[in-house]
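Residue-level listing of the chains:
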Amino acid sequence: MHTLPQTHKRIVAVVWSSALAVIAACASMAAMSETLTLAGSNEVPPVTTTATGTAMVTIGADRSVKATVTAKDMTATASHIHMGAAGTNGPVIVPFTKTGDNAFGAAADAKLTEEQYAAYKAGTLYVNVHSAKSPGGEIRAQLKGS
């Protein structure tokens, strides 16, 4: 049985670890994750509220959407991703499902269209949380997309 000299074993180990690092980097570039802080001042028009929230959103290169949204100091009725630039309102494009008190998540099969993905990359999508007090949205944050 033929064995490699120690120097060759080190070279092989370096090559393998470099290859794994490249693969890991490519995998992380395939999805973009954002953690957002939602506030009433970001709504259009701005909402005076003590409510706050956090949204963790991951958009995959395949346009898949993974999201969790948690609101505090409000009675949340719904949460979504909307298409609209900062300072504007727009239509719901990804509705979230209520997963607990003031908690929401994206459906397992949630996916953006090509147009919506382009809007995401341009920073013209936002997440908000609605309430009976503010049915148009009580807290909001813009997705950056890049």
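Before any of the text, the structure's been laid out above.
Residues numbered from 1 in each chain as written. Predicted model: local features only at pLDDT ≥ 70, side-chain atom pairs only at ≥ 80, totals over all residues. Heavy atoms only, no water.

*Asks:* Which parts of the structure should I look at to understand the environment of leucine 112?
*Replies:* As for its position among the elements, leucine 112 is in the loop between strand E6 (103-106) and helix H2 (114-121). Residue classification places leucine 112 among the buried residues on the basis of a relative accessible area of 2%. The spacing of leucine 112 and serine 64 is 48 residues in sequence and 6.4 Å in space, taken between C-alpha atoms. Beyond its immediate chain neighbours, meaning those up to four positions away, leucine 112 contacts Ile59, Arg63, Val65, Ile93, Val94, Tyr117, Tyr120 and Leu125. (Helix = DSSP H or I, 4+ residues; strand = E, 2+ residues; numbered from the N terminus. Buried < 20%, exposed > 50% of the residue type's maximum accessible area, 1.4 Å probe, protein only. Contact = heavy atoms within 4.5 Å.)

*Asks:* What am I meant to see in the packing of aromatic side chains here?
*Replies:* Think of a pair of aromatic rings as described by two things: how far the centres are apart, and how the planes are tilted against each other in angle. A complete count under the given rule lists 1 aromatic pair for this structure. Relative to tyrosine 120, the ring of tyrosine 117 has its centre 6.3 Å away and its plane inclined at 35 degrees; by these criteria the two rings are tilted. With tyrosine 117 and tyrosine 120 both in helix H2 and 3 residues apart, the pair spans about one turn of that helix. Judged on exposure class, the residue tyrosine 117 and its partner tyrosine 120 are both buried. (Phe/Tyr/Trp six-rings, centres within 6.5 Å; stacked < 30°, edge-to-face > 60°.)

*Asks:* Teacher, can you tell me more about the nonpolar core here?
*Replies:* When a protein is soluble and globular, its nonpolar side chains tend to lie buried together. Formed by 28 residues in total, the largest nonpolar core has its most connected members in Ile81, Leu112, Val127 and Val129. Counting only elements with at least two residues in this core, the list comes to strand E1 (31-39), strand E2 (52-60), strand E3 (65-72), strand E4 (76-83), strand E5 (92-100), H2, strand E7 (125-131) and strand E8 (139-143). With 4 residues, E3 is the largest single contributor of residues to this core. Excluding residues within four positions of it along the chain, isoleucine 81 makes contact with Val57, Val65, Pro91, Val92, Ile93, Val94, Phe96, Leu125, Tyr126, Val127 and Leu143. (Core = buried A, V, L, I, M, F, W, Y, C linked by side-chain atoms within 4.5 Å.)

*Asks:* What am I meant to see in the side chain of serine 131 here?
*Replies:* Following the sequence through the fold, serine 131 ends up in strand E7. In this view, serine 131 contacts Met74, Thr75, Thr77 and Glu138; residues no more than four positions away in its chain are not counted.

*Asks:* Can you walk me through the pattern of salt bridges in this structure?
*Replies:* Pairing is possible between side chains of opposite charge, provided their charged atoms come close. Inspection of the entire model under this criterion finds 2 salt bridges. A salt bridge links arginine 63 to glutamate 114, with the shortest nitrogen-to-oxygen separation between them at 3.0 Å. One end of the pair, arginine 63, is in the loop between E2 and E3; the other, glutamate 114, is in helix H2, and 51 residues separate them in sequence. For lysine 133, the salt bridge is made with glutamate 138, and the minimal N-O distance between the two is 3.6 Å. You can call glutamate 138 buried: its relative accessible area is 3%. (Salt bridge = Lys/Arg side-chain N within 4 Å of Asp/Glu carboxyl O.)

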